[in-house]
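Reading the structure
For reference, the chains in residue letters:
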Amino acid sequence: MLSINRDLWPALEPLLDQALEMSGAERDNWLDELRTSSPRLAVALTSLLEADAVADQRGFLADTSSTTLAGLMVGPYTLERPLGHGGMGSVWLGRRTDGRFEGHAAIKLMNLALMSESGQARFRREGTALARLAHPAIARLLDAGVAPSGQPYLVIEFVEGQRIDLFAAAADLTREQRLDLFLQVLDAVSHAHANLIVHRDLKPSNILVTMSGQVKLLDFGIAKLIRGGDDEEEDATALTAEAGGPLTPDCAAPEQVRGEPITTATDVYALGVLLYLLVSGRHPTRAPNATPTEAVRGVLEVEPRRLGMGDLDTIVAKALQKAPAERYQTVAALADDVRRYLRDEPVSARPDSFAYRTVKFVRRNRGGVTAAAIIVTVLVVATAFSVVQARSAAEQRDAAVRAARRAGAFSDIQAVLASDSRGSDGQPLTSAERIALAEEVLVRQFRGEPWLVAEVMTDLAGRFYESGDRSAGRAMLARASAIAREGGHAEQLALAACLRASSFWYDDLADSVQSELIQARRAMAQLREPMDVALRTHCLEAEAKALQAAGRGDSAVKLLETAASLVDRNDGGLQRLSILVALSEMLRLTGRHREALGYQRQHLQALEAAGYAKTEMFPNVVSHLERSLADLGEYHLADSLLGGFIRKEEATAGQGRVPLGMAFMYGHNKLRLGDTDSAARWIEFAARGPSAEGGSIATWMPSVLTRIHLTQGRLAEAKEVAARLPGGLRGRRATAAMLRAMILRAQGDREAASMLLEGELGNLYRESPSTLSLFALPLVTAGEWRLAAGDWRGADSLAQLGRRAAALDSIALARSALVGRAELLLAQAIRGRGDVVAAREATQRAIVALSNGYGPANSWTRSARALLDSISK
């Protein structure tokens, strides 16, 4: 049996692929060259090729008709034909055949030969990478699962397009058009980096262009998740050992060839190769017909020839530096220089000088230089008073014109949003479809004024936030950023970046927050004082959220108080309400829940007084109030307030006509109170609307439905929904662990349920001991299970931890339902140890907290009273 040295395989694998594509004299000549440059590799490769020839003679796999996967059902898709094969597996065109939707997707099936632990880890890594990404220039992950054959699979957006270099050649694109395509690629890679993902295999075959000119970045099969620390490197080592360190030599960076650490600079190098190929049609370091050894030597030693394209040569040279530290440190910096080149502005890669900048200015403004000289002469002659007056008049005129254009654009967009527009099926458009239509109208009608398009789009993106679909809002803000950046409009660019930073913060994506803030600060540095109040306020809010994410909550509160005083002085109106909502949320997150409640109630009163009670803003503020009350364990009060809002809404709109978000909050709180039937009715109502498919309702729906199904004894349905439980944030992970453990317990495996729940709680606590308050209910639940197993000591310990987690302030000790549950558990544990006096005291405390938190008639309160009666007897 043929044996290949495992250490040799990383270098041998790409050579084997290349050799198998050759035949006859071509392969013989190529092997002769390889024997001269690398005898050891040539011997191993020749052995493999001879073995392959013998297998062909014996008819090995000669008839593959019986092993085709065509017709196989993978999830809701039927495989139709192969699209390609790679080291990790095969990619098939799949057609959706479950009757729910029509369409095609690319189905990536893992190679059964790689079904080892590390092989599966690599495959999961690709799914993890794609799941983080939502960008128009990146093929989307649609689904994932395990095929009937046992192979893991990914369902990815099917892209019909041509590889980028072939598209550019076939369409005979100009240099500027090629650079526009390249900028789309940069935007996609920058998005991946902002989500802590390095692609590591950027090459023309992984970048397609559709007929409409939209770039689509593919194949994150060897992408690296930037986690940092030793774990990442150990994981990478294990994967490389088994998979052979996959890379494409033609586009690999020197550090990849040498096996050194991979960073975002690795992708910058590959982008430099792509840029060189696009604008010149040839490779920067590899000569035609070069041997593999020569190709690798070129990566490490050859300096690219200059193209005679001025500053573009300078940009390419910086991207292709052999040392990672000498390249562009971010893809955004590379993109900025490309855009500067297109605008004939100085590029950062070239040393600055007065003469250089002057030449650039004159070149950009050839027709206006003479006129400018005349104007300068007139200004020198004119009086200083005239200068000031003229400037003031011009600024006032420009401001008036811009205000008028802005008002007109907003009016047009409002008309679209308020219209009775319908789709091709004759049905009214959904909220998301209406927003998309408004964007299309905006871009078409005002495409000659990019500053206006970008500014109105930032406002339009806020509609997605109000409906809870932050991902769609960020995507629109990214488009607004691109428009503003392309037009050189720093104010709109800064605003979009700050709004995206705030949105990323809500999803706990701290690195993306920082990335957006860097862009915002750069853009604001180009603006003159005094800066627009709305921009300053939004960016102060974003900076505050970044501080909170870094553990500096008190500093964040002070920054938001500064922003609130800024809008107070300038009569901010709705913006003032918005910043106060942000302030109340920050107070809640820093443990000042009572102060947050005060602000939230003021906001609701202000919205009602201003006539905004029927808008999406009102439920949004109610959600903050509901979250604060839930944190404090005051479910009874939340039920009263939410019920009041529901009744008021129904009194004017009609029975059952309430905002879906309000219905979901009401049902969720009913579930906390133990009123499962009522909870199920309201949650079923909320699930009917489109907002159940995206935003906060979609995030929390699986956990609520899982709990309802479990309480109703519908175990199979609970397990099905639990497969969609969200992760990521620590509070969500704790809830998911509790629900999965409850399913195990319902199946009769009580010991495994307790181990799962307590194990995950231990992991979460070690990650962040300061966030103990997130785990109050799971801790109490774990303690109640210990008590049921007769473990008084364990129940006592978990009860005290749960009480500490739930007691957010001194008032909560007497008003929190969760404190009451912890006290009741503590009383039962103490009684089990035989200390009747201490058990009675704990039970009395439990009754007070449960009566206020759950209500005097709730089953938990009745249980506490029954325990007190039994102890007293």
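Residue numbers run consecutively from 1 along every chain, following the written order of its sequence. Two thresholds apply to this predicted model, a pLDDT of at least 70 for residue-level local features and 80 or more for giving and counting side-chain atom pairs, whereas whole-chain, interface and lining totals are computed over all residues. Values shown for side chains rest on all heavy atoms present in the structure; no hydrogens or waters enter the calculation.

**Some remarks on the overall build of the protein**
Secondary structure elements follow DSSP: runs of H or I no shorter than four residues count as helices, runs of E no shorter than two count as strands, and numbering proceeds from the N terminus. If you tally the helices and strands in the protein, you get 38 helices and 11 strands. Relative accessibility under 20% of the residue-type maximum defines a buried residue, over 50% an exposed one, and the middle range a partly exposed one, all with a 1.4 Å probe and only protein chains included. Taken across its 873 residues, the protein has 45% of its residues classed as buried. Here, residues are in contact when the closest pair of their heavy atoms is within 4.5 Å. Long-range pairs, those at least 24 residues apart, make up 60% of the contacts in the protein between residues at least 6 apart in sequence. Here the accessible surface of atoms and residues is derived via Shrake-Rupley with a 1.4 Å probe, and residues count as covered only by protein chains that are part of the display. Surface exposure of the protein reaches about 42,000 Å², of which carbon and sulfur atoms provide 53%.

**Comments concerning the sheet that holds strand S9 (residues 207-209)**
Backbone-to-backbone hydrogen bonds join strands into a sheet, with any given pair of strands oriented parallel or antiparallel. Across the sheet, which stays open at both edges, the three strands sit in the order S7-S9-S10 with antiparallel pairing between neighbours. Single-partner strands in this sheet number two, and they are strand S7 (162-163) and strand S10 (215-217). A strand pair is defined by DSSP finding two or more bridges across the two strands. Relative to S10, S9 runs antiparallel, the two sharing three bridges. Within the sheet, the bridge partner assigned to Val209 lies in S10 and is Val215.

**Considerations on the confidence of the model for the protein**
Averaged over all residues, the pLDDT of the protein is 78; the fraction at 70 or higher stands at 76%. The low-confidence segment residues 227-246, where pLDDT is below 50, has 26 contacts with residues more than four positions distant or belonging to other chains. Low pLDDT (under 50) marks residues 392-398, which in the prediction has one contact with non-local residues, meaning those over four places away or in another chain. Confidence scores labelled pLDDT are given residue by residue by the predictor and lie between 0 and 100.

**With respect to the packing of aromatic side chains**
Here a pair means two rings of Phe, Tyr or Trp (six-membered ring of Trp) with centres within 6.5 Å. Their orientation is stacked below 30 degrees between planes, edge-to-face above 60, and tilted elsewhere. The final tally for this structure, using the stated rule, is six aromatic pairs. Geometrically, the ring pair formed by Trp505 and Tyr506 is edge-to-face, given 4.9 Å between the ring centres and 70° between the ring planes. Overall, Tyr506 belongs to the buried group, its relative accessible area being 18%. In textbook terms, an aromatic cluster arises when at least three aromatic residues are bridged by ring pairs, as seen for Tyr635, Tyr854 and Trp860.

**Overview of the pairing of strand S4 (residues 104-110)**
S4 sits mainly inside the fold: six of its seven residues count as buried. Two elements, S4 and strand S6 (residues 152-157), share five bridges in a ladder whose sense is antiparallel. Bridge pairing in S6 places Lys108 opposite Leu154.

**Side note on the side chain of Asp267**
The topology assignment puts Asp267 in helix H9 (residues 264-280). Neither His nor the chain ends is counted toward charge; the positive residues are Lys and Arg and the negative residues Asp and Glu. Salt bridge, as applied in this entry: a Lys or Arg side-chain nitrogen positioned within 4 Å of an Asp or Glu carboxyl oxygen. Put simply, Asp267 is tucked away with no salt bridge, and the nearest opposite charge, on Arg200, sits 7.4 Å away. Within the structure, the side chain of Asp267 is placed 2.8 Å from the backbone nitrogen of His199, a separation counted as a polar contact. Sequence-distant contacts of Asp267, defined by excluding residues within four places in its chain, comprise Val189, His193, Val198, His199, Arg200 and Leu202. The term polar contact refers here to a pair of N or O atoms within 3.5 Å; inside protein, the definition further demands a hydrogen-donor-capable atom paired with an acceptor-capable atom, and it admits residues adjacent in sequence only when both atoms are side-chain atoms.

**Digging into the pattern of salt bridges**
Enumeration over the complete set of coordinates arrives at 30 salt bridges. Between Glu634 and Arg815 there is a salt bridge, with the nearest N and O atoms lying 3.3 Å from each other. You can see Glu634 sitting in the loop between helix H25 (617-632) and helix H26 (635-653) and its partner Arg815 sitting in helix H35 (residues 812-815), a full 181 residues away along the chain. Since its relative accessible area comes to 29%, Arg815 is described here as partly exposed. Among the charged side chains, a salt-bridge network with shared partners connects Glu585, Arg588, Arg627 and Asp631.

**Digging into the packing of helix H20 (residues 510-524) against helix H21 (residues 533-549)**
At their nearest, the axes of H20 and H21 sit 10 Å apart, and the two run at 145° to each other. Every pair of crossing elements has a handedness; the one defined by H20 and H21 is left-handed. Seen from H20, the contacting residues are Ala510, Val513, Gln514, Leu517, Arg521 and Met524; seen from H21, they are Leu535, Cys539, Ala542, Glu543, Ala546 and Ala549. A class-by-class count of the residues in the contact of H20 with H21 yields nine nonpolar, one polar and two charged. Interaxial angles span 0 to 180 degrees and are taken between N-to-C directions of axes, which are lines fitted to C-alpha atoms, for helices over the stretch in contact. Each crossing gets its handedness from the near helix: less than a right angle anticlockwise from the far helix is left-handed, clockwise is right-handed. Ten residues, namely Ala, Val, Leu, Ile, Met, Phe, Trp, Tyr, Cys and Pro, are considered nonpolar, four, namely Asp, Glu, Lys and Arg, are considered charged, and the remaining ones, Gly among them, are considered polar.

**Remarks on empty space enclosed by the protein**
A 1.4 Å probe that fits into a set of points on a 1 Å grid over the protein atoms alone but cannot get out defines a cavity; an open set with protein on both sides within 12 Å along at least five of seven lines defines a pocket, and lining residues are those with an atom within 4 Å of a point. Grid points are joined across faces, edges and corners, and a volume is the space filled by probe spheres set on the points. Here the structure, examined in full by the defined rule, presents three cavities of 30 Å³ or more. Looking at the lining of the largest cavity element by element, the count peaks at three residues for H9. Partitioned by chemical class, the residues of the lining of the largest cavity number four nonpolar, three polar and three charged.

**Things to note about the environment of Ser768**
Along the chain, Ser768 falls in the loop between helix H32 (750-767) and helix H33 (776-788). Residue Ser768 is classed as buried on the basis of its relative accessible area of 11%.

**Considering helix H18 (residues 470-487)**
A helix is expected to span 1.5 Å multiplied by its residue count minus one. Helix length check: H18 (18 residues) gives 26 Å between terminal C-alpha atoms against 26 Å at 1.5 Å per residue, within 8%. Taken together, the buried positions of H18 are Arg470, Gly473, Arg474, Met476, Leu477, Ala478, Ala480, Ser481, Ala484 and Arg485. The first or second residue beyond H18 is Gly488, which carries a positive phi of 70°.

**Observations regarding the environment of Arg845**
One can find Arg845 in helix H37 (residues 836-853). Judged by relative accessible area, Arg845 falls into the partly exposed class, the value being 35%. For Arg845 and Glu823, which are 22 residues apart along the polypeptide, the C-alpha to C-alpha distance reads 6.7 Å. Discounting chain neighbours no more than four positions away, the residues touching Arg845 are Glu823 and Leu826.

**Focus: the environment of Val658**
Within the secondary structure, Val658 is located in the loop between H26 and helix H27 (660-672). Assessed through its relative accessible area of 9%, Val658 is described here as buried. Taking the C-alpha atoms as reference points, Val658 and Lys614, separated by 44 residues in sequence, lie 9.8 Å from one another. With residues near it in sequence (within four places) discarded, Val658 still touches Ile646, Glu649, Glu650, Ala663, Trp682 and Phe685.

**Details of the packing of helix H34 (residues 792-806) against helix H36 (residues 817-833)**
Contact geometry of H34 with H36 gives a least axis separation of 8 Å together with a crossing angle of 155°. As the angle between them shows, H34 and H36 are arranged roughly antiparallel. The hand of the H34/H36 crossing is left-handed. Contact residues: H34 offers Trp792, Ala795, Asp796, Ala799, Gln800, Gly802, Arg803 and Ala806, while H36 offers Leu818, Val819, Ala822, Glu823, Leu825, Leu826, Gln828, Ala829, Ile830, Gly832 and Arg833. Counted by class, the contact of H34 with H36 contains 11 nonpolar, four polar and four charged residues. Angles below 35 degrees are treated as roughly parallel, those above 145 as roughly antiparallel, those between 65 and 115 as roughly perpendicular, and all remaining angles as oblique.

**Observations regarding unusual backbone geometry**
Notably, Asp172 is not glycine yet its phi reads approximately 50°, a positive angle. Tracing the sequence through the fold places Asp172 in the loop between helix H5 (164-170) and helix H6 (175-194). In this structure Asp172 comes out as exposed when scored by relative accessible area, which is 62%. Positive phi values are uncommon outside glycine, yet Asp344 reaches one of about 60°. As for its placement among the helices and strands, Asp344 is situated in the loop between helix H12 (331-342) and helix H13 (354-364).

**A closer look at the pairing of S6**
The side chains of a regular strand alternate, first on one face of the sheet and then on the other. Most of S6 sits inside the fold, with six of its six residues counted as buried. In the sheet, strand S5 (residues 141-146) pairs with S6 via five bridges, with the strands oriented antiparallel. Each residue of the ladder has a partner; that of Gly145, found in S6, is Tyr153.

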